[in-house]
Amino acid sequence: MAIGKEPGQKGVSWSNIAVGAIMNMFEVTTLGQPLEVLKTQMAANRSQTMFQAIQTVWSRGGVAGFYQGLIPWAWIEASTKGAVLLFTASEIESTTTAMGVNPAVAGLLGGMGGGIVQAYATMGFCTCMKTAEITRHKQAAAGIKPPSTWAVFADIYRREGLAGINKGVNAVAVRQCTNWGSRMGFARLAESSIRKLKGKGEGEKLTPFEKILSSSIGGALATWNQPIEVVRVEMQSMAKSAERGEKKTILNTLQYIYKENGLKGLYRGVTPRIGLGIWQTVCMVSFADYVKAWVKGQ
């Protein structure tokens, strides 16, 4: 995410917080949720090919199947996590820069810190419920009628309380920390490389194409942490397994997946996640910069 403050800006810009929320809503409502659903389907059903996963999702209602979990969970999540990420990352970046830390390293730390805070503050229960919404259809395969989303929420809260609603939040925090640290780090590295190739100075602006290309490179390379995402999906899945057990931790879930599906299982869903990573980074880095510039000019 583009975190840099405008010259002379003090504190946190409320307009930037609003831009973060709006751009996240735009991202998830367009290509974000369909790619999220497909990625989660493949991560939760690791024996399926991408074509089989697409067929399964399509069987749930056609195009509507690709937007499972959008309302209300993805909208609640998107409308808050962008603002939290921008606020936290901006504060960390400005503080570390003032301490003399290299701007690129400060941005990396800002992205990592922002990812952790947004996971614990806003994403835990929403991500859990989105995953439950998508994976509860695995119950139908066992002859059990899948409950409604709100029934799932009420049942989890009744049985496990807030801990159950936030199940897998540690894996979400690890994912978001590595996600945004990697996205910002790789995107800035790509921007520096493009400037060198084009002979541009640090203060010169990149063209829209160059900015989108940098964000795309950052988003694609940041999917190296796909095993963390597969672990997160498995931890939050509604599917039951006596072998896996009820007490799920990052480590025992990782061991379970490796035992069941090998190394390949830890990278299931990586292809749609590359597309998702690119789209998220383009929206939250490149597009957000232009929206912020437009808001500032009003």
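Residues numbered from 1 in each chain as written. Predicted model: local features only at pLDDT ≥ 70, side-chain atom pairs only at ≥ 80, totals over all residues. Heavy atoms only, no water.

A. Broad picture of the packing of aromatic side chains. Counted by the stated rule, this structure contains 3 aromatic pairs. For the pair Phe26 and Trp279, a centre-to-centre distance of 6.0 Å together with 45 degrees between the ring planes defines the contact as tilted. Separated by 253 residues along the polypeptide, Phe26 in helix α1 (residues 14-44) and Trp279 in helix α11 (residues 270-297) bring together distant segments of the chain. Owing to a relative accessible area of 18%, Trp279 belongs among the buried residues under this scheme. (Phe/Tyr/Trp six-rings, centres within 6.5 Å; stacked < 30°, edge-to-face > 60°. Helix = DSSP H or I, 4+ residues; strand = E, 2+ residues; numbered from the N terminus. Buried < 20%, exposed > 50% of the residue type's maximum accessible area, 1.4 Å probe, protein only.)

B. A look at the environment of Gly185. By the element assignment, Gly185 lies in helix α7 (residues 169-198). Put simply, Gly185 and Gly218 are 33 residues apart on the chain and 7.3 Å apart in space, counted from C-alpha to C-alpha.

C. A look at the packing of α1 against helix α3 (residues 70-98). Two elements in contact, α1 and α3, have axes separated by 7 Å at closest approach and are oriented at 140 degrees. By the angle class used here, α1 and α3 are oblique. Note on packing geometry: the crossing formed by α1 with α3 is right-handed. Here α1 contributes Asn16, Ile17, Gly20, Ala21, Asn24, Met25, Val28, Thr29 and Gln33 to the contact with α3, which in turn contributes Leu70, Ala74, Trp75, Ala78, Ser79, Lys81, Gly82, Ala83, Leu86 and Phe87. The residue inventory of the contact of α1 with α3, partitioned by class, reads 11 nonpolar, 7 polar and 1 charged. (Axes fitted to C-alpha atoms, helices over the stretch in contact; angles between N-to-C directions. Parallel < 35°, antiparallel > 145°, perpendicular 65-115°, else oblique. Left-handed = near helix turned anticlockwise from the far one by under 90°. Contact = heavy atoms within 4.5 Å. Nonpolar A, V, L, I, M, F, W, Y, C, P; charged D, E, K, R; others polar.)

D. Local environment of the pattern of salt bridges. Applying the stated criterion to the full structure yields 8 salt bridges. Residue Lys81 is joined to Glu77 by a salt bridge in which the shortest nitrogen-to-oxygen separation is 3.6 Å. Separated by 4 residues within a single helix, Lys81 and Glu77 lie in helix α3, roughly one turn from each other. The two residues Lys81 and Glu77 agree in class, both being buried. As a salt-bridge pair, Glu229 and Arg175 come within 2.7 Å of each other at their nearest N and O atoms. Residue Glu229 is found in helix α9 (residues 226-236), and its partner Arg175 is found in helix α7; the two are separated by 54 residues along the sequence. Salt bridges sharing partners connect three or more residues here, namely Glu36, Lys39, Arg175, Glu229 and Arg232. (Salt bridge = Lys/Arg side-chain N within 4 Å of Asp/Glu carboxyl O.)

E. Spatial organisation of the side chain of Arg195. Tracing the backbone shows Arg195 in helix α7. Although Arg195 is buried, it makes no salt bridge; Glu191 carries the closest opposite charge, 4.1 Å away. There is a polar contact of 3.4 Å between the side chain of Arg195 and the backbone oxygen of Gly201. (Lys, Arg positive; Asp, Glu negative; His and termini not counted. Polar contact = N/O pair within 3.5 Å; in protein donor to acceptor, adjacent residues only side chain to side chain.)

F. Examining α11 more closely. Here α11 spans 39 Å end to end across 28 residues, near enough to the 40 Å set by a 1.5 Å rise per residue. Most pronounced at Ala288, the bend in α11 amounts to some 40 degrees. (Expected span 1.5 Å × (residues − 1). Bend = angle between axes of the 7 residues up to and from the residue.)

G. The arrangement of the packing of α1 against helix α2 (residues 50-58) in detail. As a packed pair, α1 and α2 sit with axes 9 Å apart at the nearest point and diverge in direction by 115 degrees. Read as a crossing pair, α1 and α2 show a hand that is right-handed. The residues of α2 that touch α1, namely those facing Val37, Leu38, Gln41 and Met42, are Met50, Ala53, Ile54, Thr56 and Val57. A per-class count over the contact of α1 with α2 returns 7 nonpolar, 2 polar and no charged.

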